[in-house]
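For reference, the chains in residue letters:
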Amino acid sequence: AQKVTQAQTEISVVEKEDVTLDCVYETRDTTYYLFWYKQPPSGELVFLIRRNSFDEQNEISGRYSWNFQKSTSSFNFTITASQVVDSAVYFCALSDSGNTPLVFGKGTRLSVIA
Amino acid sequence: GAGVSQTPSNKVTEKGKYVELRCDPISGHTALYWYRQSLGQGPEFLIYFQGTGAADDSGLPNDRFFAVRPEGSVSTLKIQRTERGDSAMYLCASSLQYQETQYFGPGTRLLVL
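Here is a short report on the structure shown in this document. In this convention, every chain numbers its residues from 1, walking through the sequence in written order. Chains and ligands are labelled by the order in which they are written, letters from A for the one and numbers from 1 for the other. A pLDDT threshold of at least 70 governs which residues receive local features in this predicted model, and a stricter bar of 80 or more applies before side-chain atom pairs are shown or counted, although totals over entire chains, interfaces and linings include all residues. To get the side-chain values, take all heavy atoms of the structure and skip hydrogens and water.

As for the overall build of chain A
No. 1: What chain A contains, in helices and strands, is zero helices and twelve strands.
No. 2: Only DSSP runs of H or I covering at least 4 residues are called helices, and only runs of E covering at least 2 are called strands; the numbering of each starts at the N terminus. In chain A, the succession of α and β elements from N to C terminus is β-β-β-β-β-β-β-β-β-β-β-β.
No. 3: Oriented by its inertia axes, the alpha-carbon framework of chain A measures out at about 45 × 25 × 20 Å.
No. 4: For the exposure calls, accessible area comes from a 1.4 Å probe over protein chains only, and a residue counts as buried if that area is under 20% of its type's maximum, exposed if over 50%, partly exposed in between. Relative to its 114 residues, chain A shows a buried fraction of 44%.
No. 5: The criterion used for residue contact is that any of the two residues' heavy atoms lie within 4.5 Å. Sequence-distant contacts, at least 24 apart, represent 56% of the contacts inside chain A between residues at least 6 apart.
No. 6: In the form shown here, chain A has an accessible surface area of approximately 5,600 Å², with 47% of it arising from carbon and sulfur atoms.
No. 7: Just so you know, the count uses Lys and Arg for positive and Asp and Glu for negative, and it drops His and the chain ends. One atom stands in for each charge, and that atom is NZ of Lys, CZ of Arg, CG of Asp or CD of Glu. Here chain A holds 10 positive side-chain charges and 13 negative ones, and the gap between their average locations is 3 Å. Per-residue and other accessible areas follow the Shrake-Rupley method at a 1.4 Å probe size, with only the shown protein chains counted as cover for residues.

What follows is the structure in structure tokens.
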């Protein structure tokens, strides 16, 4: 069975600090896809990144970076120089190669304080 | 282009009533998904459509829940005899094809009194 664990329920940082959100996943499939979504207070889930299981290269997009490590089944997300606008709930999600939709973690609420 | 839209944005109803929630996917997206998100939780899958047919409805909690997508575009999630436990945010997403990236709408917040 698929499972996504986001152990950090809430994180609070001061603006300009770096912060890493952890994501650990479980799946029996060798082909799968990992995602991060951002949910601001408005409620709409905003897509951030999709990564397939065969691509372990880390990715950087502006202040965002992602560290995918199959050996530890982790797909962690780092925000560099955090800003107040980064305050939101962040979800990690998993989809395998079979007929299953996204399985989400419980989310991490990030509060960035000015 | 236009994103996924959902109506209404909020719905308040009384226990036992029938409600319909509408989702209009991104134009050209063949796959459409419904999720339910309770407070403090991640979204949970309800049903997925590929075209007009429900390819997977394993997430529907019981037979009070039903969804249709008659023309392969707009979808309606229908809840009969609503219960207080149905109160949640109902999210719709669409993707070009199955397993492509899902893009979410703003959700419908349902409150059953």
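After presenting the structure, the write-up continues.
Side note on the state of the cysteines
Formally, a disulfide is one covalent bond, and it connects the sulfur atom of one cysteine to the sulfur atom of another.
No. 1: Cysteine sulfur pairs qualify as disulfides if the two atoms are within 2.5 Å. What the rule picks out here adds up to two disulfides over all chains.
No. 2: Linked covalently through their sulfurs, Cys23 of chain A and Cys92 of chain A form a disulfide whose S-S length is 2.0 Å. Handedness here is read from the sign of the S-S torsion; for Cys23 of chain A and Cys92 of chain A, about -65°, the answer is left-handed. Of this pair, Cys23 of chain A sits in the loop between β3 (19-21) and β4 (24-26) while Cys92 of chain A is found in strand β10 (residues 88-96), placing the two residues 69 residues apart along the sequence.
No. 3: The buried category is assigned to Cys23 of chain A, whose relative accessible area is 0%.
No. 4: Note that Cys23 of chain B is cross-linked by a disulfide to Cys92 of chain B, the S-S spacing being 1.8 Å. Between Cys23 of chain B and Cys92 of chain B the sulfur-sulfur dihedral comes to about -65°; the bridge is accordingly left-handed. One end of the pair, Cys23 of chain B, is in strand β3 (residues 19-24); the other, Cys92 of chain B, is in strand β9 (residues 88-95), and 69 residues separate them in sequence.
No. 5: A residue is classified by how much of its surface remains accessible, and Cys92 of chain B, at 0% relative accessible area, is buried.

Considerations on the sheet that holds strand β7 (residues 65-68) of chain B
Residues and elements named next belong to chain B.
No. 1: Here, strands pair whenever DSSP counts at least two bridges between them. With antiparallel pairing, the four strands of this open sheet are ordered in space as β1-β3-β8-β7. Every interior strand has two partners, whereas the edge strands, β1 (5-7) and β7, have only one. This sheet shows a mean twist of 15° between the axes of neighbouring strands, independent of strand direction.
No. 2: The pairing of β1 with β3 spans three bridges and is classified as antiparallel. In the strand pairing of β3, Gln6 is matched with Cys23. Angular values range over 0 to 180 degrees, each being the angle between N-to-C directions of two axes fitted as lines to C-alpha atoms, with helices fitted over their stretch in contact.

Note that every value here comes from positions in space, so none of it alone points to a role or purpose.
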